[in-house]
Amino acid sequence: MKLFGNLELDADKKKYLRPAMVVLALCVIFLVTAFAESSAQKRLRLAQKESVEFASLDSQYSGLKAQVDELDKRVALSPKTGILKTAGDIFASMGLQDRISSIKPMETTQSGGLTSEKAEVSLKKMDLNQAVNVLYRLENAPMLLTLKEVDLRSSFSAPTLDMRLVLELTSKK
């Protein structure tokens, strides 16, 4: 048998060459499989890490989606009558229409199919319980009515409060 040109192998050397080649082939196969396994483990760890990140993002998305759905529902419930009538109706339903000293429209903006109207409402001679009830009612209104500013002033002559509220009503066009 000739190997590498002029190099001839005798029978003794041939007997050792085949097992050596088999061992060498097994070593190559072992190294290739070990490398493939290492690569697969790295990909598995990366996939597990991405799975954890995805689960976190999924829970964040679900929370944000619930908030957006709630806002959409509140926008759909917003009356088409405007901020002035809505504010008057809310305070009238609480029996505070006589405490309203003024309701002034401020600005109206439109974007993305939504209309936002702002108004300034001044209330006089409120007690603390009435002020808390007003704030609670505005916060839990079924429509998308947001409280932008609150200014509370106490009267020196009596234990009453004067409130100035800036309200914003968002509704669909």
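Right above here is the structure, for reference.
Small disclaimer: the values here were computed from a predicted structure and weren't measured.

**Q** Explain the overall build of the protein chain to me, please; I cannot follow it from the model alone.
**A** Of regular secondary structure, the protein chain possesses 3 helices and 6 strands. In the protein chain, the succession of helices and strands from N to C terminus is β-β-α-α-β-β-α-β-β. Computed over C-alpha atoms, the radius of gyration of the protein chain comes to 39 Å, more than 25% over the 16 Å expected from 2.2 N^0.38 for 173 residues, which places it beyond the range of a compact globule. Each principal axis of the C-alpha distribution contributes one length, and for the protein chain these read about 120 × 35 × 25 Å. Looking at the protein chain residue by residue over its 173 residues, the buried ones come to 22%. Charge separation in the protein chain, taken as the distance between the mean sites of 25 positive and 21 negative side-chain charges, equals 5 Å.

**Q** Sorry if this is basic, but what is going on with the pairing of strand β6 (residues 161-172) here?
**A** The side chains of a regular strand alternate between both faces of the sheet. Within β6, 9 of the 12 residues are buried, leaving the element largely enclosed by the surrounding structure. Here strand β5 (residues 145-154) runs beside β6; their pairing, made up of 9 bridges, is antiparallel. What sits directly across from Thr146, in β6, is Glu168. Between β5 and β6, which pair antiparallel one after the other, the connecting turn spans 6 residues.

**Q** Even after reading the chapter, I still don't get the environment of Lys85, so can you show me in this structure?
**A** Mapped onto the elements, Lys85 comes out in helix α2 (residues 83-93). Residue Lys85 is classed as partly exposed on the basis of its relative accessible area of 44%. Once the C-alpha coordinates of Lys85 and Ile103 are considered, the two residues, 18 residues apart in sequence, prove to be 9.6 Å apart.

About the cut-offs
Every chain is numbered independently, its residues counted from 1 as its sequence is written. Per-residue local features are limited, in this predicted model, to residues with pLDDT of at least 70; the limit for side-chain atom pairs, both in listing and counting, is 80 or more; totals at the level of whole chains, interfaces and linings are taken over all residues. Only hydrogens and water are set aside; all other atoms, that is, all heavy atoms of the structure, feed into the side-chain values. Segments assigned H or I by DSSP are reported as helices when at least four residues long, segments assigned E as strands when at least two residues long, and all are numbered from the N terminus. Our radius of gyration looks at C-alpha atoms and nothing else; its globule reference is 2.2 Å times the residue count to the power 0.38. Burial status follows relative accessibility: with a 1.4 Å probe on protein chains alone, a residue under 20% of its type maximum counts as buried, one over 50% as exposed, and anything between as partly exposed. Neither His nor the chain ends is counted toward charge; the positive residues are Lys and Arg and the negative residues Asp and Glu. Note that the charge is assigned to NZ on lysines, CZ on arginines, CG on aspartates and CD on glutamates. Strand pairing requires that DSSP identify at least two bridges connecting the strands.

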